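Architecture at a glance
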Amino acid sequence: MRALRFFLGFLLVLVPEILRVFWIMPFPGSQQDLPTDNAQVDQAYFLHNNIWWIRLIGLALMIGPFVYYMRYGGAWERIGVLLPSALCALVFYAFNFKFMADKLFIPPKEKLMQVPVVNDSTANSLVIGVEINGDARAYPIEIIGYHHQVLDTIGGEPVLVTYCTVCRTGRAFSPKVNGAQETFRLVGMDHYNALFEDSRTKSWWRQVNGECIEGPLKGQHLIEVPSQQMTLKEWAAEHPKTLVLQPDPLFSKQYTGLKGYDDGTIEGSLEARDTASWQPKSWVVGMVHNGVARAYDWNDLLDAGVISDTLGGQRIELTLGHNSADFVATRVAVDTSSDRIAYSNMILVGTVDTIVTSIQETSFSIPAYQEFWHSWRTFHPNTTRYVPKR
């Protein structure tokens, strides 16, 4: 019975310790082909919140047999309790201080914003840009891609700028939850998308859409702040007074690890681009309008230069920028009061381009993003794919 109690305690200490991290980190086999019911994340959240009770029960089962065999057991019996105990200690250290997301990806210690220096080495760097009340700020992807989040104040408003490199998703949100400003830590991922934990309720929030999927606030959404992904050169041209986040010297090595991410040439199975179309890590531009979700293959945009389509009952156009990194999306709306056509500027992802019309100009908002195909189809299961006319 002593041996059985020790073995059960060993399993109770070891297995939950591993699974609570394994299920929400990109270990081999942990994120592939997950069911849509979030069962693994549910279990990880349960273990995350109850791990100390589980540890105590497991240790209580182990300690009696451990003391007995160390006092009265033979050499092999002592080895039989020492090695599993050492393994438990090793796993505890590794899965709490090495493999946890917030230990691997640390928020910047020094957040320095400066006027950008646009030169040959920085001009085509991709940034996530946000402008509020005339205050424009840009966050280079190869910096925030490591940190995953930067909390800033823009135009007097708090803004959480986020990026998940394994989904290629950049989003900005208001960090206010139920009217109170919140802070978040990176806790792991769900379907390869970053998960953040708020500091007060310990609820878990998806980076891709600001949805709370675990905890007391499950079902709530963070309010998204309009943002743009574009090159630093184009952002600075459209926002001459912009400030740009500077690298934190403490993380120079980590930033180097993302070199080549902007253009998809980075080495690595999780972040490198699939250059073929409609592969898991192929680039797409995703949009949702009037309840209709659609993905546009980046290769089609590169080939055509301009894509015209009808989405949610309205005409749209995607136009590739001259550097093949930026793009403009405009929407064409019919003025039903006069049978006239009015062109409305809408920046989806890319540079700002002024559409000159002699009729009428109105403003609409259609969220659109460059993402990996596996991310867009996962979080928009009813999406359609744009098929070019041949």
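Predicted model, so just to flag it, every value in this text is computed and none were measured. (Residues numbered from 1 in each chain as written. Predicted model: local features only at pLDDT ≥ 70, side-chain atom pairs only at ≥ 80, totals over all residues. Heavy atoms only, no water.)

1. Here's the deal with the sheet that holds strand S11 (residues 204–206)
Note the cut-off: Any two strands are treated as partners once DSSP identifies two or more bridges connecting them. Put simply, DSSP H or I for four residues or longer makes a helix, DSSP E for two residues or longer makes a strand, and each gets a number counted from the N terminus. All axes are obtained by fitting lines to C-alpha atoms, using only the stretch in contact for helices, and the reported angles, taken between N-to-C directions, cover 0 to 180 degrees.
The 4 strands are arranged S9-S10-S11-S12 in an open sheet whose pairing can be described as antiparallel. The strands lining the two open edges of the sheet, one partner per strand, are strand S9 (184–190) and strand S12 (212–214). Along the sheet, successive strands turn relative to each other by an average axial angle of 40 degrees, direction set aside. Inspection of the sheet shows S11 paired to S12 by 2 bridges, in the antiparallel sense. What sits directly across from Trp204, in S12, is Glu214.

2. What to know about the environment of Ile18
Note the threshold: The criterion used for residue contact is that any of the two residues' heavy atoms lie within 4.5 Å.
Relative to the elements of secondary structure, Ile18 occurs in helix H1 (residues 2–22). Considered as a pair, Ile18 and Phe99 are 81 residues apart in the sequence and their alpha carbons are 9.9 Å apart. When sequence neighbours within four positions are dropped, the list of residues in contact with Ile18 reads Val91 and Phe95.

3. Structural notes on the environment of Leu301
Here Leu301 lies in helix H8 (residues 298–304). For the pair Leu301 and Val285, spaced 16 residues apart in the sequence, the C-alpha separation amounts to 9.2 Å. For Leu301, the residues in contact, after removing those within four places along its chain, are Ile307, Leu318, Thr319, Leu320 and Phe327.

4. Considerations on the packing of helix H2 (residues 39–72) against helix H3 (residues 75–97)
To be explicit about the condition: Comment on the angle field: the value is read as roughly parallel under 35 degrees, roughly antiparallel over 145, roughly perpendicular from 65 to 115, and oblique elsewhere. A crossing counts as left-handed when the near helix is turned anticlockwise from the far one by less than a right angle, and as right-handed when that turn is clockwise. When residue character is reported, Ala, Val, Leu, Ile, Met, Phe, Trp, Tyr, Cys and Pro are called nonpolar, Asp, Glu, Lys and Arg charged, and the others, Gly included, polar.
Two numbers describe how H2 lies on H3: the axes approach to 9 Å, and their chain directions differ by 150 degrees. Looking at the two axes, H2 sits roughly antiparallel to H3. H2 and H3 meet at a crossing whose hand is left-handed. Where H2 abuts H3, its residues Arg55, Met62, Phe66, Tyr69, Met70 and Arg71 lie against Glu77, Arg78, Val81, Leu82, Ser85, Cys88, Phe92 and Asn96. Tallied by class, residues from the contact of H2 with H3 come to 8 nonpolar, 2 polar and 4 charged.

5. Quick notes on the sheet that holds strand S6 (residues 169–173)
As summarised here, the arrangement of the 4 strands in space is S4-S5-S6-S13, forming an open sheet in which the pairing is antiparallel. In the strand order of this sheet, the two ends are held by strand S4 (149–154) and strand S13 (224–225), each with one partner. Direction of pairing for S4 relative to strand S5 (residues 157–164): antiparallel, over a ladder of 6 bridges. Looking at S5, one finds that Gln149 is bridged to Thr162.

6. Some remarks on the environment of Pro367
Under the convention used in this document: Classification of residues uses two cut-offs on accessible area relative to the type maximum, computed with a 1.4 Å probe and protein chains only: under 20% is buried, over 50% is exposed, and between them is partly exposed.
Among the structural elements, Pro367 can be located in the loop between strand S21 (340–346) and strand S22 (368–372). The exposure class assigned to Pro367 is partly exposed, which follows from its relative accessible area of 41%. Each C-alpha atom of the pair Pro367 and Val161 lies 16 Å from the other, and the pair is 206 residues apart in sequence. Aside from chain neighbours lying at most four places away, what touches Pro367 is Gly286, Met287 and Val288.

7. Considering the confidence of the model for the protein
In regions of low pLDDT, the predicted coordinates are not meant to be interpreted in detail. Heads up, the rule is: Per-residue confidence from the prediction method is given by pLDDT, with values spanning 0 to 100.
Averaged over all residues, the pLDDT of the protein equals 89, while 91% of them reach at least 70. Across residues 336–363, confidence stays below pLDDT 50; counting only partners more than four residues off in sequence or on other chains, it has 66 contacts.

8. A closer look at unusual backbone geometry
The residue Asn290 is not glycine, and still its phi comes out positive at about 50 degrees. Mapped onto the fold, Asn290 is located in the loop between strand S16 (283–289) and strand S17 (292–297). If you check the backbone angles, Ser324 has positive phi at about 60 degrees while not being a glycine. Since its relative accessible area comes to 37%, Ser324 is described here as partly exposed.

9. Some details on the nonpolar core
As a reminder, the rule being used: We define a nonpolar core as any set of buried Ala, Val, Leu, Ile, Met, Phe, Trp, Tyr and Cys residues linked to one another through side-chain atoms lying within 4.5 Å.
Membership of the largest hydrophobic core comes to 31 residues, with the highest contact counts inside it found for Met62, Cys88, Val177, Phe184, Trp205 and Leu222. Once residues lying within four places of it in the same chain are set aside, the contact partners of Leu222 are Phe173, Ser174, Lys176, Val177, Phe184, Trp205 and Gly210. Core analysis: the next-biggest nonpolar cluster, separate from the first, contains 24 residues, Ile128, Ile132, Ala172 and Tyr261 among them.

10. A few points about the packing of aromatic side chains
Inclusion rule: The rule is short: rings of Phe, Tyr and Trp, with Trp giving its six-membered ring, pair when the centres are within 6.5 Å, and they are stacked under 30 degrees, edge-to-face over 60, tilted in between. Definition used: whenever NZ (Lys) or CZ (Arg) falls within 6 Å of the ring centre and also within 35 degrees of the ring normal, the charge is taken to sit over that ring.
All chains considered together, the criterion is met by 17 aromatic pairs. Ring geometry for Phe27 and Phe99: centres 5.7 Å apart, planes at 80 degrees, overall edge-to-face. Placement of Phe27 in the loop between H1 and H2 and of Phe99 in the loop between H3 and helix H4 (101–104) is noted, with a sequence separation of 72 residues between them. You can call Phe99 partly exposed: its relative accessible area is 32%. Lying across the ring of Tyr261, Arg168 places its NZ or CZ 4.8 Å from the centre.

11. Regarding the pattern of salt bridges
Rules: What makes a salt bridge here is a side-chain nitrogen of Lys or Arg within 4 Å of a carboxyl oxygen of Asp or Glu, nothing more.
Under the counting rule described, the total for this entry stands at 15 salt bridges. The partner of Arg20 in a salt bridge is Glu17, with the nearest N and O atoms 3.1 Å apart. You can see Arg20 and its partner Glu17 sitting in helix H1, 3 residues apart, about one turn around the helix. One salt bridge connects Asp152 with Lys111, and the closest N-O pair in it is separated by 3.4 Å.

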